[in-house]
Amino acid sequence: MTTLTDGARRPPAARGGIARSFADSLVVTKRNLIRMSRIPEMILFGLIQPVMFVILFTYVFGGSMQIGNSTDPDVYKNFLMAGIFAQTVTFATAGAGAGIADDMHKGLIDRFRSLPMARGAVLTGRTMADLVQTAVTLLVLAVVALIIGWRPGYAAPTNAGKIMLGFALLLLLGYAFTWIGALIGLSVRTPEAATSGGLIWLFPVTFVSNAFVDSSKLPGWLQPVAEWNPFSATVQACRKLFGDPGLSPSDAWPMQYPVWASLIYSVLIVVVFRTLSVRKYRSASA
Amino acid sequence: MPGAIHAEGLVKTFGDVTALDGVDLDVPEGTVLGLLGPNGAGKTTTVRVLTTLLRPDSGSATVAGLDVLEHPDEVRRSIGLSGQFAAVDEYLTGRENLQMVGQLYQMRARAAKERAGELLERFHLADAADRPARTYSGGMRRRLDLAAALVVSPPVMFMDEPTTGLDPRNRQALWDVIKELVSGGTTLLLTTQYLEEADHLAHDIAVVDHGKVIARGTSDQLKARTGGERVEVVVHERDAIAPARGILARYGPGERGLGDVSVEDHTRKLTVPVTGGAKLLAEVIRDLDAVGVEIDDIGLRRPTLDDVFISLTGHAAERAQDEENGADPSAGGRGQRKEPAA
């Protein structure tokens with residue numbers, strides 16, 4: 001008899017804004033990580049896809065690609081990796097969107113929204129969990145890349161610090177893109193729509209860039225698009241930091257200062273899309 | 001003094017669908033209000049407004065003395081919500097689900113863990129506590145969802161169709177829990193499509209239709225308006241309708257003579273409101289037999305939601321049709337989502 005009504009009665013005192021926000025986000029992050037660990041096939045597919053891309057691009061396109069003046073497949077292989085890494089982290093977007101749409105669909109978002117928790121925590125928790133998953137994927141992918149012949153410092157000297165910074169920029173880009181995914185997830189009607197809606201726009205974003213081809217060989221009108229593409233900035237930054245071949249010689253500011261550009265773009269995306277997503281979440285009538 | 005739940009003039013429209021058309025409610029502390037109505041009547045939308053999930057277009061509401069629109073966070077601290085679709089994370093175990101909810105109610109990790117253990121025990125989920133919720137049966141999920149709403153023993157509870165889709169045994173078990181809650185002093189707003197359920201659990205019933213409260217009162221008061229029990233007879237031949245009607249009129253309330261008996265010609269069915277229960281049924285059979293009326297079927301019917309609706313509105317609850325139209329737009333995200341997110 002007492003179990004049901006003897007609880008707190010007067011609910012626990014509220015913790016302060018930031019502390020609560022942080023604590024709630026951690027609780028939700030943990031929840032999403034447990035979830036992910038219980039669906040190992042999702043992690044597996046998340047790994048297989050980029051590994052497949054690396055292998056396909058390297059061995060199918062490798063021989064016919066010209067980077068700068070070189071048609072050496074080895075040059076293309078070393079050129080490609082930064083692009084594949086960046087593409088991989090952006091694909092986490094679709095997972096975040098589908099996860100959030102699924103939570104809405106199942107009524108979990110209602111549950112969360114009826115709890116006295118920090119407003120942004122559900123979304124922050126999801127994006128943080130995706131960040132962890134992305135980091136794991138990236139690690140596996142880097143090992144595969146090394147095995148098939150990626151050599152950091154191939155074209156220019158590098159060091160551990162620069163390589164770490166490159167991966168940090170990749171993770172930041174991935175994190176930024178999960179906020180775009182969050183907004184998509186909150187805006188569509190079904191998890192299925194979130195999956196496809198979260199993916200399709202990534203193809204132009206990742207292909208109209210310097211990721212897989214030398215952007216100076218794109219049609220003239222497309223070149224500025226590729227050079228100012230936030231995605232390209234991170235790819236260029238990674239090539240620069242890893243000492244990979246095929247840096248874009250373009251005068252465009254993001255190509256000249258790719259590390260800063262990548263950082264600014266990513267932070268900007270987080271700020272804008274986090275704001276929009278949290279606002280959407282608060283009024284989500286789903 | 002306003003009750004633990006108080007709403008005035010709630011209006012909410014989704015596009016050209018008017019979900020709430022001026023809902024007024026008052027639930028005194030420690031009592032249960034049953035919100036009775038078909039799908040699409042506005043029950044879920046009302047619950048969503050009162051639990052801070054949805055902002056009404058106009059109107060005001062307080063829960064536990066706190067304004068829902070002004071102080072949503074404080075309101076959330078004082079309420080528990082158990083939904084129509086069991087909102088638990090199916091990949092988390094029962095225990096993990098309850099701990100998570102506890103922590104999100106700002107309980108310390110250790111306290112949340114203890115509370116989860118207590119509730120799992122109480123809801124007979126201890127054996128399944130460490131299995132992912134997706135392996136649970138429908139009844140178990142519903143119990144887990146309810147347990148999640150009770151983590152902090154909130155003074156005000158909202159339950160949106162808690163027993164829809166449950167088998168009778170699980171329904172009874174859930175009723176027992178609800179009664180226990182109420183005897184502990186919790187104020188409860190419960191939505192249901194079943195008159196029997198409202199009858200069983202609620203002190204007061206508000207009947208909603210098309211976003212309006214069309215009647216309120218105790219279950220007895222409503223039943224009195226509905227005519228309580230009725231005897232339904234299907235005669236074998238059309239010619240027998242007239243004599244049967246004469247007999248049945250004797251058992252009716254006597255206000256309108258033959259008019260008390262409603263007749264459906266094509267099904268040869270006659271219905272009359274009665275008081276007196278099963279014993280009376282035997283008398284009716286004897287009387288009909290005495291005048292040589294042959295019957296195909298006879299039964300004592302208790303008032304259903306449809307009866308309440310027919311007597312209040314002159315039309316049936318239109319449940320099936322509303323379901324097809326996915327009527328209650330705000331219930332969307334969970335079942336079938338027809339309404340774009342605001």
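Since this is a predicted model, take the numbers as computed values, not measurements.

## Focus: the UniProt feature "domain: ABC transmembrane type-2" (unreviewed entry) in chain A
Working step 1: Under the present numbering, the feature "domain: ABC transmembrane type-2" (unreviewed entry) in UniProt falls on residues 41-284 of chain A.
Working step 2: With 73% helix and 0% strand, residues 41-284 of chain A has end C-alpha atoms that lie 30 Å from one another.

## Focus on the layout of surface pockets
Residue and element names in this part refer to chain A.
Working step 1: Size it by volume and the largest pocket reaches roughly 890 Å³.
Working step 2: Taken together, 32 residues line the largest pocket, and the ones lying closest to its centre are Met42, Gly46, Ala94, Gly95 and Gln133.
Working step 3: Where the lining of the largest pocket is concerned, the elements lending two or more residues are α2 (17-38), α3 (40-61), α4 (73-90), α5 (92-105), α7 (121-147) and α9 (191-200).
Working step 4: A total of seven residues in the lining of the largest pocket trace back to one element, the largest contributor, which is α3.
Working step 5: Looking at the lining of the largest pocket, its residues break down into 15 nonpolar, 11 polar and six charged.

## Some words on the side chain of Ser232 of chain A
Working step 1: With respect to the helices and strands, Ser232 of chain A occurs in helix α12 (residues 230-242).
Working step 2: If near-sequence neighbours (up to four positions away) are discounted, Ser232 of chain A is found in contact with Val208, Ser209, Asn210, Ala226 and Met255 of chain A.

## Thoughts on the UniProt feature "transmembrane region" (unreviewed entry) in chain A
Residue and element names in this part refer to chain A.
Working step 1: Under the present numbering, the feature "transmembrane region" (unreviewed entry) in UniProt falls on residues 39-59, 79-101, 131-151, 163-186, 193-213 and 257-276.
Working step 2: From the first C-alpha to the last, residues 79-101 spans 36 Å; its make-up is 96% helix and 0% strand.
Working step 3: With 100% helix and 0% strand, the stretch residues 163-186 has end C-alpha atoms that lie 35 Å from each other.

## Considering the nonpolar core
Working step 1: With 115 residues, the main nonpolar core has Phe85, Phe112 and Leu170 of chain A together with Leu98 and Phe123 of chain B as its most contacted residues.
Working step 2: Sorting elements by how many residues they give to this core places helix α8 (residues 160-187) of chain A first, with 11 residues.
Working step 3: Discounting chain neighbours no more than four positions away, the residues touching Leu170 of chain A are Phe85, Ala86, Val89, Leu138, Thr234, Cys238 and Phe242 of chain A.
Working step 4: Among the nonpolar cores identified, the runner-up in size contains 30 residues, and Leu25, Leu33, Leu81 and Phe158 of chain B belong to it.

Rules behind the numbers
- Residues numbered from 1 in each chain as written.
- Chains lettered and ligands numbered in written order.
- Predicted model: local features only at pLDDT ≥ 70, side-chain atom pairs only at ≥ 80, totals over all residues.
- Heavy atoms only, no water.
- UniProt positions renumbered as here; feature names shortened; annotations may be inferred.
- Helix = DSSP H or I, 4+ residues; strand = E, 2+ residues; numbered from the N terminus.
- 1 Å grid on protein atoms, 1.4 Å probe; cavity = no way out; pocket = protein on both sides within 12 Å on 5 of 7 lines; lining within 4 Å.
- Points joined across faces, edges and corners; volume = space filled by probe spheres on them.
- Nonpolar A, V, L, I, M, F, W, Y, C, P; charged D, E, K, R; others polar.
- Contact = heavy atoms within 4.5 Å.
- Core = buried A, V, L, I, M, F, W, Y, C linked by side-chain atoms within 4.5 Å.
- Buried < 20%, exposed > 50% of the residue type's maximum accessible area, 1.4 Å probe, protein only.

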